[in-house]
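Spelled out from the first residue to the last, the chains are:
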Amino acid sequence: MTRLYNEPAAFADEMIEGFVAANARYVRAVPGGVARSTVSPEGQVALVIGGGSGHYPAFGGLVGQGLAHGAAMGNLFASPATQQVESVARAAENGGGVLLSYGNYAGDVLNFDAAQDRLRAAGIPCETVTVTDDVSSAPLAEKHKRRGIAGDLTVFKSAAAAAEAGYELAEVVRVAALANERTRSFGVAFTGCTLPGAPEPLFTVAERRMAVGMGIHGEPGIGETDIPTADELAGMLVARLLEELPEGVESARGARVVPILNGLGSVKYEEMFVVYRRIARLLEEAGVEIVDPHVGEFCTSFDMAGTSLTLFWLDEELERLWNAPVDAPAYRKGSVVAAERVATTEVDAMTDGAVPEASPESRQAASRVLTAIEALTDAIDENVDELGRMDAIAGDGDHGIGMQRGAHAARTAAQEAVTAGAGAGNVLLRAGDAWSHRAGGTSGALWGVALRALGVHLGDSDVPSAASVAAGVAAGAEGITSYGKAQVGDKTMVDAIVPFTETLSRETEAGASLAAAWTSAADAATAAAAATADLLPRMGRARPHAEKSLGTPDPGAHSFALIVRTVATVLADRQEGSN
Ligand code: ADP
Ligand code: MG
């Protein structure tokens, strides 16, 4: 239960504002999140972390000397947008390149990857290491698919200490990957968590029962049992983690290990100490040499009751890096020589600067683009509840509000751009950026990528023709599949996008007008979206709840069809008007 909030939608922003006000010694607000408020040495690799909010001290609480240089902070349990990651990275960067590191979740991967591409395109070397410590989220053979939970800390800490020690980007990447390989976590949950303003918990665990291996956003676990005693729980956590020694560790006996018992939000420290007492004994019995144990909150899940055990298997280098000093809001260690404060807190807002020159024809087309965006925003407003309900069946229920936030932001950005004299391409580009920035979630990021790609393709000088629009739409679809990596049949928006794109290209090539081709393509998308009801999801948040979604179409495919149908009406109206 979250009791204290104002406007629920403003919760994350207000939380960040208060967090910065309380921690100005460590952090400063930058567009998209926070960066250190202290000066870092020129040429030092910048560690930029991030993820959804609601996991404090992850991620903002881990920014400070000896730890991260910046954190992109998304909405509650929602990945930060691409621009947020890019903006924080630019603010945090010191000329030594950027390492992006975060827990392995589809939405985060999408947005951080897109930000990485943009940073590289801007000449800033950028690499990524995702954290995959949760042993219950995929078998060992598919370790790369595992989620990141409390093991974030060991990976961030090792990478940051390496950066601080002057390692180059490639070496910091090596250390982060090694720390990730040597970090394993396993967790349990007793209750779900309730986001501010939500009428009920995001998920529930039956009274007196314990979900084993449940994820920090309520992703289903691997089983359920009655709540055991503290000692029994300790036995369970230790046994599972000792089953799976990381590569390079021959035996638990003699291995040097940092145990981290993490509270997920509303388990008492006292309860955890009782559990830890037994964990320490069991590890000692297994011959493990315990180094620097941690009992506390390092990655929470709002007010979820639950706990996880992480074992970090040290080698000589990792132990040295682990012991290096840190001074961050929620993590301190040793004594850090305090660096000077950053002189200015001015950072460019996430704007795209002045509107580029556009031809009169393209400006005329821009106002038609705006009409289409206005119409699709109305359509989403009318269907917001239905989209939410569809997403709640197998996903997290936020598709309606996410699409609404995205479309509204896109409409505002498009209106401003048109007023400023932008061409069609620039209007789409700005609308796409605004959409992904405000929408959050996987679909928001993908809509951002698609509109941006379409905008780049159309440009600001030529009159968009049926052929160039079809090619631009194909480029947008290509962007969606290259970032999202879903294929036809995975039960995502791609199932509607592919037939849409194919029909649009085929009909325009055959000489149909844009309005006619678009209408046929929208019909194909509508039929394909409806047909996703029979599919089992294989991508995104819905994957673990697969069977529940049978009989319901994919919400992203459904909203895509709704949008292209709406745009078809706009195009048809225009054609009638001009005839
Ligand atoms: P989130 O999944 O982050 O909660 P939304 O609820 O807004 O985001 O969007 C869910 C929709 O996003 C799904 O119905 C699906 O159509 C689409 N989606 C999810 N993952 C992918 C992916 N990898 N590629 C394409 N579309 C995806
Ligand atoms: Mg969702």
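Cut-offs applied
Throughout, residues of each chain are indexed from 1 in the direction in which the sequence is written. Chains and ligands are labelled sequentially in the order written, the chains with letters from A and the ligands with numbers from 1. Totals for whole chains, interfaces and linings use all residues, but because this is a predicted model, local features are given only for residues with pLDDT of at least 70 and pairs of side-chain atoms are given and counted only at 80 or more. Neither water nor hydrogens contribute to the side-chain values; these are computed over all heavy atoms in the structure. Numbering goes from the N terminus for both helices and strands, where a helix is a DSSP run of H or I of at least four residues and a strand is a run of E of at least two. Note that the radius of gyration is over C-alpha atoms, with the globule rule given as 2.2 Å times the number of residues to the power 0.38. Buried residues are those whose accessible area, probed at 1.4 Å on protein chains only, stays under 20% of the maximum for their type, while exposed residues exceed 50% and partly exposed ones sit between those limits. The protein chains shown are the only cover counted for residues, whose accessible areas, like all others here, come from Shrake-Rupley with a 1.4 Å probe. Note on charges: Lys and Arg go in the positive column, Asp and Glu in the negative column, and His and the chain ends are not counted at all. The location of each charge is read from NZ of Lys, CZ of Arg, CG of Asp or CD of Glu. Side-chain atoms within 4.5 Å link the members of a nonpolar core, which is a set of buried Ala, Val, Leu, Ile, Met, Phe, Trp, Tyr and Cys residues. Every residue pair with non-hydrogen atoms within 4.5 Å of one another is taken to be in contact. In this scheme, strands are said to pair when DSSP sees at least two bridges between them. The method works on a 1 Å grid over the protein atoms by themselves. A cavity is a set of points holding a 1.4 Å probe that cannot get out, a pocket is an open set with protein on both sides within 12 Å along at least five of seven lines, and residues with an atom within 4 Å of a point line them. Grid points are joined across faces, edges and corners, and a volume is the space filled by probe spheres set on the points. Gly falls in the polar group here, along with every residue not listed as nonpolar (Ala, Val, Leu, Ile, Met, Phe, Trp, Tyr, Cys, Pro) or charged (Asp, Glu, Lys, Arg). Domain boundaries shown here were taken from an automatic or database domain assignment. Buried surface area refers to the total accessible area, computed with a probe of radius 1.4 Å, that the two partners give up upon joining, counted for both partners together. Salt bridge, as used here, is a side-chain nitrogen of Lys or Arg placed within 4 Å of a carboxyl oxygen of Asp or Glu. Nitrogen and oxygen atoms within 3.5 Å of one another constitute a polar contact, given that in protein one can donate a hydrogen and the other can accept it, and given that sequence-neighbouring residues count only through two side-chain atoms.

(A) Structural context of the overall build of the protein. Secondary structure assignment for the protein yields 16 helices and 15 strands. Relative to the 2.2 N^0.38 estimate, which gives 25 Å for 579 residues, the radius of gyration of the protein is 25 Å and therefore close to what a compact globule would have. In the protein, which comprises 579 residues, the share counted as buried stands at 58%. When the accessible surface of the protein is summed, it comes to about 23,100 Å², and 53% of that surface belongs to carbon and sulfur atoms. Looking at charge distribution, the protein has the averaged site of its 45 positive side-chain charges lying 4 Å from that of its 74 negative ones.

(B) Geometry of the nonpolar core. Core analysis: the largest hydrophobic core is formed by 65 residues, its most contacted members being V34 and L99. For this core, the element with the highest residue contribution is helix α4 (residues 152–164), accounting for eight residues. Discounting chain neighbours no more than four positions away, the residues touching V34 are I16, F19, V20, V27, R28, A29, G60, V63, G70, A71, M73 and V88. Counting residues in each nonpolar core, the second largest holds 57 residues, with A422, A486, V494 and I497 among its members.

(C) The arrangement of the pairing of strand β8 (residues 209–212) in detail. Here two bridges tie strand β7 (residues 183–189) to β8, and the two strands are oriented antiparallel to one another. Considered in β8, the bridge of V188 is made with V212. Pairing geometry for β8 and strand β9 (residues 223–226), over four bridges, is antiparallel. By the bridge assignment, R209 is partnered in β9 with D226.

(D) Main features of empty space enclosed by the protein. Counted according to the given criterion, the structure contains two cavities of 30 Å³ or more. Taken as a whole, the largest cavity spans an internal volume of roughly 110 Å³. Along the wall of the largest cavity there are 17 residues; nearest its centre are G52, H55, Y105, D108 and H217. Of all elements in the fold, only β3 (46–53) and β5 (98–103) reach the threshold of two or more residues within the lining of the largest cavity. Broken down by element, the residue count for the lining of the largest cavity peaks at three residues, all from β3. Computed from the structure, the second largest cavity encloses a volume of approximately 50 Å³. Here the residues of the lining of the second largest cavity are counted per class, giving seven nonpolar, three polar and no charged.

(E) Main features of the domain arrangement of the protein. Domain annotation for the protein reports domain 1 (8–333) and domain 2 (360–578). Just the C-alpha atoms count here: the centres of domain 1 and domain 2 sit 34 Å apart. Between domain 1 and domain 2 lies a buried interface of about 1,400 Å² when both sides are counted; carbon and sulfur atoms form 54% of it. When residues of domain 1 are sorted by the area they lose upon contact with domain 2, Q83, L110 and P220 head the list and together hold 32% of the total. There are one salt bridge connecting domain 1 and domain 2. Here D433 ties to R118 by a salt bridge, and the two come within 3.3 Å at their closest N and O atoms. For the interface between domain 1 and domain 2, the tally reads four residue pairs in polar contact (both at pLDDT 80 or more). Those elements giving two or more residues to the side of domain 1 that touches domain 2 turn out to be α2 (82–92) and α3 (106–121). It is α3 that contributes the most residues to the side of domain 1 that touches domain 2, eight residues altogether.

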